[in-house]
Amino acid sequence: MNRENPYLPVPMRLEKNFVETSDRNIRTFTLSFLNQADEEAFRYLPGQFAEVFVPGKGESPFGMASSPTEPGRLKFSVNRAGVVTTALHELTEGASLGVRGPLGHPYPVEPFKGKNVVIIGGGFAFSTLRALTVYLLDRRADYGNITVVYGARSPGLLLYKEELAGWAQRDDLNLVTTVDRGEEGWTGRVGFVPAVTKEVAPPPDNTYAVICGPPVMIKFTLPVLREAGYPDERIIMNLEMRMKCGLGMCGRCNIGEKYVCKDGPVFTLAELGRLPNEF
Amino acid sequence: MKKVKKEDLAAFLDRLASTRTVYAPCRDGEGTVDFQRVTGAAEIADTYGNTRLSIKRLFLPQTETLFSYRNGEDGPVFDVPARPGPAVVFGLRPCDAKSLGMLDGVFANDQYTDPYFTGRRADTVLVGLGCVEPCSTCFCTSVGGGPFDPSGLDVLLSEVPGGYLAEARTEAGASLLGGVPLLDAGSDELAAAAAVKEEATRKADTLPLAGLKERLDGAFDHPVWAKIPEKCLDCGICTFLCPTCHCFDVCDEGTAVAGSRVRIWDSCLFPLYTLHASGHNPRPTGRERYRQRVMHKFRYFVDRLGCTACVGCGRCVVNCPVNLDIRQVVGMIRDQVEAGIRP
């Protein structure tokens, strides 16, 4: 982040434009820094986001899908939705971009130390959860049991399929993938995230739950966690809101007196409980 | 207390405008008074209630280029416009000066500093003019200011027969006044000025705010929000004229090869303001949007920065096309909402 002028991006190069999903609507972009000094200054943790600048189109905020334990590259998994994301999808490898960040508060990976973590994700919201999972796995000894519940509408819409296959082989990670509708060749679970969570979530003692996904998934998963005995202080959410500056100045992303960009996007459920229900 | 004669002040402003950027209220052909860059005292409006547009546009312009870019073989190169440099604002009202102090807390928050706003603030000296005749729509006293509140100013001038009492509030203000011939004010002049101040201060105290914050703390889901904005057109004029409304949009103009990033004023009353790319909108109707405007001014801003984000200038009252009067809105909340607990 340029401390003198936080509106200025740093120049980046698009190394890889990879189609993640069978509907071709989500791609993962791998970016490299053009200047060594910018790379060293870009110190981040999972859960934070950055504004990606597509020259001629504008900038949009995306959570980092990469983990800081994967140096030299930033990854963003982006759903094609509007002007900037469509332009991003059409960029060829080698294109010049800008990135402004890191912005926002990360997942509380320090308090996670020595604790069990259950990561619950749905749809393309899994990007920052991928960053968190990689981070925890790369510092595996610091954490207790790790459970990942990841759901998508269909097998083709799961992100990071190769990586998931690798995680499935590990004995130090309990990965549960599930889809709403199975298809030929799918050998995993069929079912919604809340039901699967109820089945596989570890006991709440000494455990943090991290949840990110579409509103309907969150709505039905939170009661499952609460019923299982998870206190709101240990249920971690990552919020989405329309943003521009990312600095808590342009005004639009507030929930009550908090700005999602600078005071979030990561909040505990306890913190959200103290804010108006407007998101 | 010192005093400056009118003709001495005019001569000083003439000299000042030849060496520095000076903004002052000027009357245009249609009688509208707004801040303009002036080259001499003769251009400055002599009597006015308040300027139509607030002072914020001199520090947060309605459109402003943040940087330009050229996208070459070695990636994009960014170019930031030069800092505008030293300026003096003459003749702003204490309410507008107070609003800038509030915006300081917005543009230099606990994590980030906006160099454009803070740069202009640091480079600008504010010479304010107390309000002898507050307008019928003014309520600055009620929101913690006053027609002669010097707190946001470098110099406060208070009109007396033949000149102004001049009170320097900061070093920058004292240094500026060093260029003006100053006389000692007489005790009769001071007594007359004190009486004028007292009367004006009383006149601008028209809106009881006691208990409002406590009521808003428990009012998020109150039915009053469906009632209040029924006639609101979501036109946003109140937010554009408001000296403390600071919301902006950031957009790019140009091509993949070259262009610029600009920020422009935006408004929480516009539906697009919070619309997600997914189609979801956390504030889909006027009910949520108007609630946000009131809550931000009288609750959220108080929680974050310790003061109400309203200076009582009354511009929103004067210019609303459907006469949605913030004073009546506050009254409705006072009458219909019980003090409650958050959220």
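Residues numbered from 1 in each chain as written. Chains lettered and ligands numbered in written order. Predicted model: local features only at pLDDT ≥ 70, side-chain atom pairs only at ≥ 80, totals over all residues.

Which parts of the structure should I look at to understand the overall build of chain A?
Along chain A, the regular secondary structure elements total eight helices and 15 strands. Since a compact globule built from 279 residues should have a radius of gyration of about 19 Å, the 18 Å found for chain A is in line with a globular shape. Reported as C-alpha extents along the three principal axes, the dimensions of chain A are approximately 45 × 45 × 35 Å. In chain A, which comprises 279 residues, the proportion classed as buried is 52%. Across chain A, every contact between residues at least 6 apart in sequence was considered, and the portion connecting residues at least 24 apart equals 71%. (Helix = DSSP H or I, 4+ residues; strand = E, 2+ residues; numbered from the N terminus. Rg over C-alpha atoms; globule rule 2.2 N^0.38 Å. Buried ≥ 20, exposed ≤ 12 C-beta atoms within 10 Å, placed from the backbone. Contact = placed C-beta atoms within 7 Å.)

Honestly, the overall build of chain B in this entry has me stumped. Any pointers?
When its secondary structure is counted, chain B shows 11 helices and 12 strands. Compactness check: chain B gives a C-alpha radius of gyration of 22 Å against a globular reference of 20 Å for 343 residues, within 12% of the reference. Expressed as lengths along the three principal axes of its C-alpha atoms, the size of chain B is roughly 65 × 65 × 40 Å. Residues classed as buried in chain B amount to 44% of the 343 residues present. Across chain B, contacts joining residues at least 24 apart in sequence account for 70% of those joining residues at least 6 apart.

Sorry, what's going on with the domain arrangement of chain A here?
Think of interface size as the accessible area that goes away when the parts come together; that is how it is often given. Residue and element names in this part refer to chain A. Parsing chain A into structural domains produces domain 1 (10–103) and domain 2 (116–238). For domain 1 and domain 2, the distance between their C-alpha centroids amounts to 24 Å. Contact with domain 1, which involves 17 residues of that partner, is made by 13 residues of domain 2. Here the side of domain 1 that touches domain 2 is built from residues that sort into five nonpolar, nine polar and three charged. (Domains from an automatic or database assignment. Nonpolar A, V, L, I, M, F, W, Y, C, P; charged D, E, K, R; others polar.)

So what exactly am I meant to see when it comes to the pairing of strand β3 (residues 33–38) of chain B here?
The side chains of a regular strand alternate between the sheet's two faces. Residues and elements named next belong to chain B. Bridging between strand β2 (residues 21–27) and β3 involves six bridges; their strand directions are antiparallel. Along β3, the bridge assignment pairs Cys-26 with Asp-34. Linkage of β2 to β3, two consecutive antiparallel strands, is achieved through a turn of five residues, within which Gly-31 is found at a positive phi near 90 degrees. (Pairing = 2+ DSSP bridges.)

Just checking my understanding: could you explain the nonpolar core for this structure?
Note that soluble globular proteins tend to have their nonpolar side chains buried in a common cluster. If you look at the biggest cluster of nonpolar residues, it comprises 167 residues, and the most contacted ones within it are A:Val52, A:Val99, A:Ala209, A:Val210, B:Val22 and B:Val89. Among residues more than four places away in sequence, those in contact with A:Ala209 are A:Val118, A:Ile120, A:Leu225, A:Tyr230, A:Arg234, A:Ile235 and A:Ile236. (Core = buried A, V, L, I, M, F, W, Y, C linked by C-beta atoms within 7 Å.)

What should I look at first to understand the interface of chain A and chain B in this one?
The interface is formed by 34 residues belonging to chain A together with 42 residues belonging to chain B. Listed by contribution, the elements that provide at least two residues to the side of chain A that touches chain B are β1 (10–19) and β6 (96–103) of chain A. Counted by class, the side of chain A that touches chain B contains 14 nonpolar, 10 polar and 10 charged residues.

Is there a simple way to think about the pairing of strand β12 (residues 258–265) of chain B in this case?
Residue and element names in this part refer to chain B. Bridging between strand β4 (residues 63–72) and β12 involves seven bridges; their strand directions are antiparallel. Paired with Glu-64 across the two strands is Arg-263, which belongs to β12. By the bridge criterion, seven bridges tie strand β11 (residues 248–254) to β12 in an arrangement that is antiparallel. Bridge pairing in β12 places Gly-254 opposite Gly-259. Between the end of β11 and the start of β12, which pair antiparallel, lie three residues.

Quick question: what am I supposed to make of unusual backbone geometry here?
Keep in mind that most residues, glycine aside, have a negative phi and that most peptide bonds are trans. Residue and element names in this part refer to chain A. Residues Gly-101 and Pro-102 are joined by a peptide bond in cis, for which omega reads -5 degrees. Mapped onto the secondary structure, Pro-102 falls in strand β6. Cis geometry is found at the peptide bond from Gly-264 to Pro-265, where omega equals 0 degrees. Locating Pro-265 in the fold gives a position in the loop between α7 (260–263) and β15 (266–268). Its identity is not glycine, yet Tyr-160 carries a phi of approximately 55 degrees, on the positive side. Among the structural elements, Tyr-160 can be located in the loop between β8 (146–152) and α4 (161–169).

Which parts of the structure should I look at to understand the domain arrangement of chain B?
Residues and elements named next belong to chain B. Segmenting chain B into domains produces domain 1 (2–60 + 72–203) and domain 2 (212–336). A separation of 26 Å is found between the C-alpha centroids of domain 1 and domain 2. Residue-level contacts link 23 residues of domain 1 with 18 residues of domain 2. Looking at the side of domain 1 that touches domain 2, its residues break down into 12 nonpolar, eight polar and three charged.

Just checking my understanding: could you explain the sheet that holds strand β1 (residues 2–5) of chain B for this structure?
Pairing between the strands of a sheet is mediated by backbone hydrogen bonds and can be parallel or antiparallel. Residues and elements named next belong to chain B. Spatial strand order, β3-β2-β6-β7-β8-β9-β1-β10: eight strands in an open sheet with mixed pairing. Of all the strands in the sheet, just β3 and β10 (183–184) have a single pairing partner and so form its edges. Where β2 lies against strand β6 (residues 87–92), three bridges are found, and the strand directions are parallel. The residue of β6 that forms the bridge with Val-22 is Val-88.

I tried to follow the sheet that holds strand β9 (residues 174–179) of chain A on my own but got confused; where do I start?
Residue and element names in this part refer to chain A. With mixed pairing, seven strands are arranged side by side in an open sheet as β10-β9-β8-β7-β11-β12-β15. Edge strands, defined here as strands with exactly one partner in the open sheet, are β10 (189–190) and β15. The sheet contact formed by strand β12 (residues 235–238) and β15 spans three bridges and is antiparallel. Bridged to Met-237 within β15 is Phe-267. Strands β7 (116–122), β8, β11 (207–212) and β12 of the sheet are contacted by helix α3 (residues 126–138), whose axis makes an angle of about 155 degrees with β7. Against the sheet, helix α5 (residues 193–200) makes contact with β7, β8, β9 and β10, and its axis sits at roughly 160 degrees relative to β8, the strand it touches most. (Axes fitted to C-alpha atoms, helices over the stretch in contact; angles between N-to-C directions.)

For this particular structure, what's the right way to read the packing of helix α2 (residues 94–107) of chain B against helix α3 (residues 115–123) of chain B?
Describing two packed helices takes the angle between their axes plus the distance from one axis to the other. Residues and elements named next belong to chain B. Their axes nearest at 10 Å, the elements α2 and α3 cross at an angle of 140 degrees. The pairing of α2 with α3 is recorded here as oblique in orientation. Between α2 and α3 lies a crossing whose hand is left-handed. In this structure, α2 uses Leu-100, Leu-103, Asp-104 and Phe-107 to contact α3, whose residues at the interface are Phe-117, Thr-118 and Arg-121. In terms of residue class, the contact of α2 with α3 is built from four nonpolar, one polar and two charged. (Parallel < 35°, antiparallel > 145°, perpendicular 65-115°, else oblique. Left-handed = near helix turned anticlockwise from the far one by under 90°.)

Just checking my understanding: could you explain the packing of α5(A) against helix α6 (residues 215–228) of chain A for this structure?
Residues and elements named next belong to chain A. The N-to-C vectors of α5 and α6 enclose an angle of 25 degrees; their axes lie 8 Å apart at closest approach. Judged on the interaxial angle alone, α6 and α5 are roughly parallel. α6 is crossed by α5, and the crossing has right-handed handedness. Here α5 contributes Val-193, Pro-194, Thr-197 and Lys-198 to the contact with α6, which in turn contributes Met-217, Phe-220, Thr-221 and Val-224. Per-class residue counts for the contact of α5 with α6 are five nonpolar, two polar and one charged.

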